[in-house]
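Next come the chains, spelled out residue by residue.
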Amino acid sequence: MGKPTGFLEYERELPKDRPAEERMKDWAEFHTHCDSKFLCKQAARCMNCGAPFCHTGDPVVGGCPLGNLIPEWNDLVYHGKIEEAYKRLSKTSNFPEFTGRVCPALCEGSCTAGLNGDAVTVKNIEVHIIDYMFENGKIQPRIPKFSTGKSVAVIGSGPSGLACADTLNQLGYKVTVFERSDRAGGLLMYGIPNMKLDKKVVQRRIDLLKKEGITFITNTEVGKNYPAAKVVNEFDALVLCCGATHPRDLQADGRNDVKGIHFAVDFLKANTKSLLDSELADKKYISAEGKDVIIVGGGDTGTDCVGTSIRHGCKSVTQLEIMPELPVSRTAANHWPQWPRIKKVDYGQEEAEFLYGKDPREYLTTVTKIVGDENGDIKEVHTVKVEWVSENGKMFPKPIKGTEKVMPCQLMLLAMGFTGPEDTLIKQLSLETDARSNIKAQYGKFETSLKGVFAAGDARRGQSLVVWAIHEGREAAKAVDEYLKR
Ligand SMILES: Cc1cc2nc3c(=O)[nH]c(=O)nc-3n(C[C@H](O)[C@H](O)[C@H](O)COP(=O)(O)OP(=O)(O)OC[C@H]3O[C@@H](n4cnc5c(N)ncnc54)[C@H](O)[C@@H]3O)c2cc1C
Ligand code: SF4
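This structure is a prediction, so every number in the text was calculated from the model and none was measured.

Draft legend 1. Representation of the domain arrangement of the chain in the model. When the domains of the chain are assigned, the result is domain 1 (6–135), domain 2 (151–245 + 419–485) and domain 3 (249–416). Here domain 1 and domain 3 have C-alpha centroids that lie 31 Å from each other. Between domain 1 and domain 3, the residue contacts involve 20 residues of the former and 18 residues of the latter. A buried area of about 1,700 Å², summed over both sides, lies between domain 1 and domain 3, and 71% of it is on carbon and sulfur atoms. Interface area lost by domain 1 to domain 3 is led by Arg23, Met24 and Trp27, which between them contribute 44%. At the surface where domain 1 touches domain 3, the tally comes to 2 salt bridges. For the salt bridge of Glu350 with Arg23, the shortest nitrogen-to-oxygen distance reads 2.9 Å. Along the contact surface separating domain 1 from domain 3 lie 8 residue pairs in polar contact (both at pLDDT 80 or more). For the side of domain 1 that touches domain 3, the secondary-structure elements that each account for two or more residues are α2 (20–23) and α7 (106–109). When residues of the side of domain 1 that touches domain 3 are assigned to their parent elements, the largest contribution, 3 residues, is made by α2. Residue composition of the side of domain 1 that touches domain 3, grouped by class: 12 nonpolar, 5 polar and 3 charged.

Draft legend 2. Region of interest: the nonpolar core. Membership of the largest hydrophobic core comes to 74 residues, with the highest contact counts inside it found for Phe98, Ile129 and Val239. Broken down by element, the residue count for this core peaks at 10 residues, all from helix α18 (residues 466–485). A domain-level breakdown of this core finds at least three residues from each of domain 1 (6–135) and domain 2 (151–245 + 419–485). The residues touching Val239, leaving out its near neighbours within four places in the chain, are Val152, Ala153, Val154, Ile155, Cys164, Phe454, Ala476 and Val480. Formed by 19 residues, the second largest nonpolar core is a distinct cluster that contains Phe178, Phe235, Leu425 and Ala459.

Draft legend 3. Just the pattern of salt bridges, in detail. Scanning all chains against the criterion turns up 38 salt bridges. A salt bridge links Arg88 to Glu72; the shortest N-O distance between them is 2.7 Å. Remark: Glu72 occurs in helix α4 (residues 70–78) and Arg88 occurs in helix α5 (residues 82–92); sequence separation between them is 16 residues. Taking relative accessible area as the criterion, Arg88 reaches 27% and is therefore assigned partly exposed. The exposure class of Glu72 is partly exposed, given its relative accessible area of 37%.

Draft legend 4. Focus on helix α13 (residues 264–278). An ideal rise of 1.5 Å per residue puts 21 Å on 15 residues; α13 measures up with 21 Å between its terminal C-alpha atoms. If you check which residues of α13 are buried, you get Ala264, Phe267, Leu268, Ala270, Asn271, Thr272, Ser274 and Leu275. Buried residues along α13 sit against α10 (187–190), α11 (199–211), β6 (261–263), α14 (300–312) and β14 (411–414). Following α13 by one or two positions, Glu279 adopts a phi angle in the positive range, close to 55 degrees.

Draft legend 5. Geometry of the packing of α4 against helix α8 (residues 122–135). With their axes 11 Å apart at the nearest point, α4 and α8 run at an angle of 65 degrees to one another. Where α4 crosses over α8, the two elements pack in a sense that is left-handed. Listed contacts from α8 to Ile70, Trp73, Asn74 and Val77 of α4 are Val122, Ile125, Glu126 and Ile129.

Draft legend 6. Molecular detail of a nonpolar patch on the surface. Among the surface-exposed residues, Phe354, Leu355 and Tyr356 lie close enough to one another that they form a single nonpolar patch of about 260 Å² accessible area. Position of Phe354 among the secondary structure elements: in helix α15 (residues 347–356). Classification of Phe354 by relative accessible area gives partly exposed; the value is 44%.

Draft legend 7. Looking closely at the sheet that holds strand β2 (residues 174–178). Within the open sheet, the 5 strands sit side by side as β3-β2-β1-β4-β16. Their pairing is parallel. On the outer flanks of this sheet lie β3 (215–217) and β16 (453–455), each paired with one strand and no other. Across the sheet, the mean angle separating the axes of adjacent strands is 20 degrees when strand polarity is ignored. Packing against the sheet, α18 makes contact with β1 (151–155), β4 (237–240) and β16, and its axis sits at approximately 165 degrees to β4.

Draft legend 8. Spatial organisation of the packing of α4 against α5. Packing of α4 against α5 brings their axes to within 8 Å, and their N-to-C directions diverge by 170 degrees. Between α4 and α5, the crossing angle belongs to the class labelled roughly antiparallel. Here α4 contributes Glu72, Trp73, Leu76 and Val77 to the contact with α5, which in turn contributes Ile82, Glu84, Ala85, Arg88 and Leu89. When its residues are assigned to classes, the contact of α4 with α5 shows 6 nonpolar, no polar and 3 charged.

Draft legend 9. Focus on the site of ligand 1. Close to ligand 1 lie 34 residues, the nearest being Val102, Ser160, Glu179, Lys196 and Val222. At a separation of 2.9 Å, an oxygen atom of ligand 1 approaches a polar backbone atom of Asp458. The backbone of Leu465 places a nitrogen or oxygen atom 3.4 Å from an oxygen atom of ligand 1. Burial of ligand 1 by the surrounding chains reaches 96%, relative to a free accessible area of 1,000 Å². Looking at the shell around ligand 1, the elements with two or more residues in it are α9 (159–170), α13, α14 and α18. Of the residues that constitute the shell around ligand 1, the class distribution is 17 nonpolar, 11 polar and 6 charged. Per-domain counts for the shell around ligand 1 show at least three residues from each of domain 2 (151–245 + 419–485) and domain 3 (249–416).

About the criteria used
- Residues numbered from 1 in each chain as written.
- Chains lettered and ligands numbered in written order.
- Predicted model: local features only at pLDDT ≥ 70, side-chain atom pairs only at ≥ 80, totals over all residues.
- Heavy atoms only, no water.
- Domains from an automatic or database assignment.
- Contact = heavy atoms within 4.5 Å.
- Buried area = accessible area lost by both parts, 1.4 Å probe.
- Salt bridge = Lys/Arg side-chain N within 4 Å of Asp/Glu carboxyl O.
- Polar contact = N/O pair within 3.5 Å; in protein donor to acceptor, adjacent residues only side chain to side chain.
- Helix = DSSP H or I, 4+ residues; strand = E, 2+ residues; numbered from the N terminus.
- Nonpolar A, V, L, I, M, F, W, Y, C, P; charged D, E, K, R; others polar.
- Core = buried A, V, L, I, M, F, W, Y, C linked by side-chain atoms within 4.5 Å.
- Buried < 20%, exposed > 50% of the residue type's maximum accessible area, 1.4 Å probe, protein only.
- Expected span 1.5 Å × (residues − 1).
- Axes fitted to C-alpha atoms, helices over the stretch in contact; angles between N-to-C directions.
- Left-handed = near helix turned anticlockwise from the far one by under 90°.
- Patch = residues over 30% accessible without salt bridge, like charges linked within 9 Å, V, L, I, M, F, W, Y side chains within 5 Å.
- Areas by Shrake-Rupley, 256 points an atom, 1.4 Å probe, with all protein chains shown as cover.
- Pairing = 2+ DSSP bridges.
- Parallel < 35°, antiparallel > 145°, perpendicular 65-115°, else oblique.
- Near = heavy atom within 4 Å.

In structure tokens, the structure reads:
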């Protein structure tokens, strides 16, 4: 432990985000950096407790799915040994620059300091370590020292595909990553907006992986413009890291009769692509400028749509959520060290509150009807409040009479989650799926019903988090290594 009395002497503190008023005028990251003195104090708060749940990664207990050696690097950071801290961090994590920016910090939910106080700022310490290493030229390509002579294809270049490719490449395999988009990175590139994760940070890592010997083939959809069977024949093993990209749709009258309703990822992807291609000058994005925007879905993807709509200059923004508002602190049933299921005010809500004077979320609300104007463009959205009732052992949302409302709307965005992976590859390779339509592959083994074909990330576990995708990519790579060594 760096400083035995650190947690008694210092309060939890994070570097202040850029103020809403300033940051919503641009697309730059809203988090800021801190200096090493500030960081040293925060690292000193780690108690190096006997049973550090922060790195267990257990689905019930919580903690970091990567098993990051958090107390060890906190101690090293406290002593100013950032390079040593990085050595520990890189043992368990391929891309801390991604998780240090976008992870919900499962580790902090189970930090012992959080039992009756405030958790250590683990995520901020993590991002500082890796950013320091990059900024000081200390991350250089690691060219693998030997080759197994075997080749592996990875389909999809999101965090699971990148982690899988990186791990296999370092183990001496010749790795080729296929990606259907024009840029690699999956949802890191074309889902999470630039203000949360700068695309230069994603591209920097992809460029490094290329220098280390990984081949990226973009603009190529396996199963459409490159036959799946050909990939199976050409490579010694195949890992499907193609995400759970099938969006959940809205069931409401008029859903398919009007123009101006889009899935959240289509809206976010077009915006980032246009931003990267031309700083939005090509206008090849869905604009929210001057519009009343209604977002269906109160989660993180919905929040990204709020932040993006505000940067376009929308007239108003509302986020509809069918579930009730979460409590502000843990309930008795949701005790430490579980992940705290509490209300979060994220960057998008903060910005909406600054602009319009209120949180954009409306809870326990659903859409009943969508109405278009004479041109068929969306004009208004009819909503109703619901209460959750139990019938035959199942909970369902029951509309409450007299709570109907009509809201003006010229752009509706659907951020209601995903139902699983698309089925093109599943059908072509005749793969088994699980009850939730994900690719069936046992956790720990990662092999699908087809020999030599593996699956990892959202495609296997369903819609999840970047940290879980990286974990699965690493573990699937180890399973492939075992398979090819047989
Ligand atoms: C808008 C949004 C914001 C999010 N924000 C966060 C966040 O802040 N923090 C967090 O932890 N998680 C977040 N998530 C979740 C996180 O991004 C995902 O869990 C994670 O990216 C899953 O990684 P993956 O590698 O399994 O799949 P993906 O990132 O979805 O990557 C799959 C890739 O496979 C490609 N592909 C699919 N089929 C083929 C094919 N046949 N041939 C070639 N390529 C193919 C796709 O184009 C895609 O690039 C967010 C999700 C969304 C939608
Ligand atoms: S990856 Fe996430 S859970 Fe793991 S240490 Fe970093 S912030 Fe915590």
